[in-house]
Amino acid sequence: MAKIVITGGAGFIGSHIAESLVTDNEVVVIDNLDGYYSPSLKQRNLDSISAKGDYTFINGDITDLKFVRSVISSDVDYVYHEAAQAGVRISVEDPFKPNDVNVVGTLNVLQSSLDAGVNRVINASSSSVYGKVEYLPFDEKHPTQPVSPYGVSKLAAEHYCRVFNEVYDLSTVSLRYFTVYGPRMRPDLAISIFTDRMLKNEPITIFGNGEQTRDFTYIDDIVKANLNLLKKSNADGCAMNIGGGNRITVNELLTYLRKITGSMSEVIYSDQQKGDAEHTLADTGFAREHIGYVPEIDIENGLKKFVEWYTKSLQHLS
Ligand SMILES: NC(=O)c1ccc[n+]([C@@H]2O[C@H](COP(=O)([O-])OP(=O)(O)OC[C@H]3O[C@@H](n4cnc5c(N)ncnc54)[C@H](O)[C@@H]3O)[C@@H](O)[C@H]2O)c1
């Protein structure tokens, strides 16, 4: 049994990782239940972990080094670092908070992990580090030119992870997630918003002409990639793509959702938002070679699973 700290474990991805680890490990979740989206959704995520097994929840802020040190102590084996100020658009409005949480917070996690002698830190990074597209799919050699303050903060955090490996010999790996979706996903993400509107037959606003493309990754594939890293040390110091391996346009996404929900929602096209990437598509060859990562859930099946879950959770609320 390993002792595993999960920062941001009350969030979407962190709570799924925690859920998959609680039965066989001592899990400690740290999260400040930040108000970026409803803390009651985060409480629901924590309840889902409890339903699977016992774990410890500690409410605290990763920008507080003293707090992080007090949790990441010498008996901790692994750290999954998922806490962040996520979201591109909020970072365009206020670049300081993403910098504090994503850069300073990551530095605090790394320094505490180094001092505590942790075996490995697995850092949640993002496809947003690529930004301007020079070619597709993105492999890890593609230039990194983020187009939002969020992307800059995730790239800086990645570099800190690499440097802590190269300079201080701390085992670190960064996983560049490509738009993650699935049950309990963040309510500010497109699939969540579109599904909600479609199930209520309400109008949907698309920013841009809908021809921008995304590589969507189902949450179970993300969890699997993370779990593989408990055993594999051959990617230390690296950043790797974790994507679904296919891209679809936002218009195609709507077509899939319409087919699944039978919705009559009207679609309204509006101006493109600042900071949004034009296209994303992951080359997952590096992850396949190093950690045996192969995405298994395609978009159509993933959306069906998500809509089924969302419909049930709406019924539960009403
Ligand atoms: N969801 C995606 O599509 C996606 C894509 C690429 C990268 N990521 C990255 O994956 C990670 C998890 O994302 P998510 O979608 O689960 O987001 P989320 O917002 O659901 O989870 C992040 C959690 O971190 C917590 N948190 C925020 N600030 C904190 C602080 N100062 N101290 C302690 N906890 C704090 C929040 O309360 C939240 O529960 C993040 O690092 C994000 O940047 C997500």
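Residues numbered from 1 in each chain as written. Predicted model: local features only at pLDDT ≥ 70, side-chain atom pairs only at ≥ 80, totals over all residues.

Taking an unreviewed UniProt entry as the reference, the chain is identified by name as SDR family oxidoreductase belonging to Methanogenium organophilum. Checking UniProt for the chain, the heading Sequence similarities (unreviewed entry) contains the comment "Belongs to the NAD(P)-dependent epimerase/dehydratase family." (UniProt positions renumbered as here; feature names shortened; annotations may be inferred.)

(A) Focus on helix H9 (residues 250-261). Here H9 is 12 residues long and its end C-alpha atoms lie 16 Å apart, about the 16 Å a rise of 1.5 Å per residue gives. Regarding H9, the residues found buried are Leu253, Leu254, Leu257 and Thr261. Buried positions in H9, seen along its axis, are confined to an arc of 100° and lie on one side of it. Residues of H9 that are exposed and angled more than 90 degrees away from the buried face: Thr255 and Lys259. One or two positions beyond H9, positive phi appears at Gly262, with a value near 70°. (Helix = DSSP H or I, 4+ residues; strand = E, 2+ residues; numbered from the N terminus. Expected span 1.5 Å × (residues − 1). Buried ≥ 20, exposed ≤ 12 C-beta atoms within 10 Å, placed from the backbone. Arc of directions from axis to C-beta.)

(B) Spotlight on the nonpolar core. Core analysis: the biggest nonpolar cluster contains 78 residues, and Val5, Val29, Val79 and Ile242 have the highest contact counts within it. For this core, the element with the highest residue contribution is helix H6 (residues 149-168), accounting for six residues. Dropping the residues within four chain positions of it, Val5 is found in contact with Val28, Ile30, Val71, Ile72, Val76 and Val79. (Core = buried A, V, L, I, M, F, W, Y, C linked by C-beta atoms within 7 Å. Contact = placed C-beta atoms within 7 Å.)

(C) Region of interest: the sheet that holds strand S4 (residues 78-81). Taken together, the seven strands give an open sheet; going across it, the order is S3-S2-S1-S4-S5-S6-S11, and neighbouring strands pair in parallel fashion. The outermost strands of the open sheet, each flanked by one partner alone, are strand S3 (56-59) and strand S11 (239-242). Here the strands of the sheet are splayed against their neighbours by 20° on average, with no regard to which way each runs. Each of strand S5 (120-126), strand S6 (172-177) and S11 touches H6; the most contacted strand, S5, lies at about 155° to it. Of the strands in this sheet, S4, S5, S6 and S11 touch helix H8 (residues 219-228), which is tilted by about 170° from S6. (Pairing = 2+ DSSP bridges. Axes fitted to C-alpha atoms, helices over the stretch in contact; angles between N-to-C directions.)

(D) Quick peek at the environment of Gly237. Residue position: Gly237 is located in the loop between H8 and S11. A tally of 16 C-beta atoms within 10 Å means that Gly237 is categorised as partly exposed. A C-alpha to C-alpha distance of 47 Å links Gly237 and Glu266, two positions 29 residues apart in sequence.

(E) Seen up close, the site of the ligand. Neighbouring the ligand are 27 residues; Gly8, Gly11, Phe12, Ala84 and Ser126 lie closest to it. Among the secondary structure elements, those contributing two or more residues to the shell around the ligand are helix H1 (12-21), helix H5 (96-116) and S5. The greatest single-element share of the shell around the ligand, amounting to three residues, is contributed by H1. For the shell around the ligand, the per-class residue count stands at 12 nonpolar, nine polar and six charged. (Near = placed C-beta within 6 Å. Nonpolar A, V, L, I, M, F, W, Y, C, P; charged D, E, K, R; others polar.)

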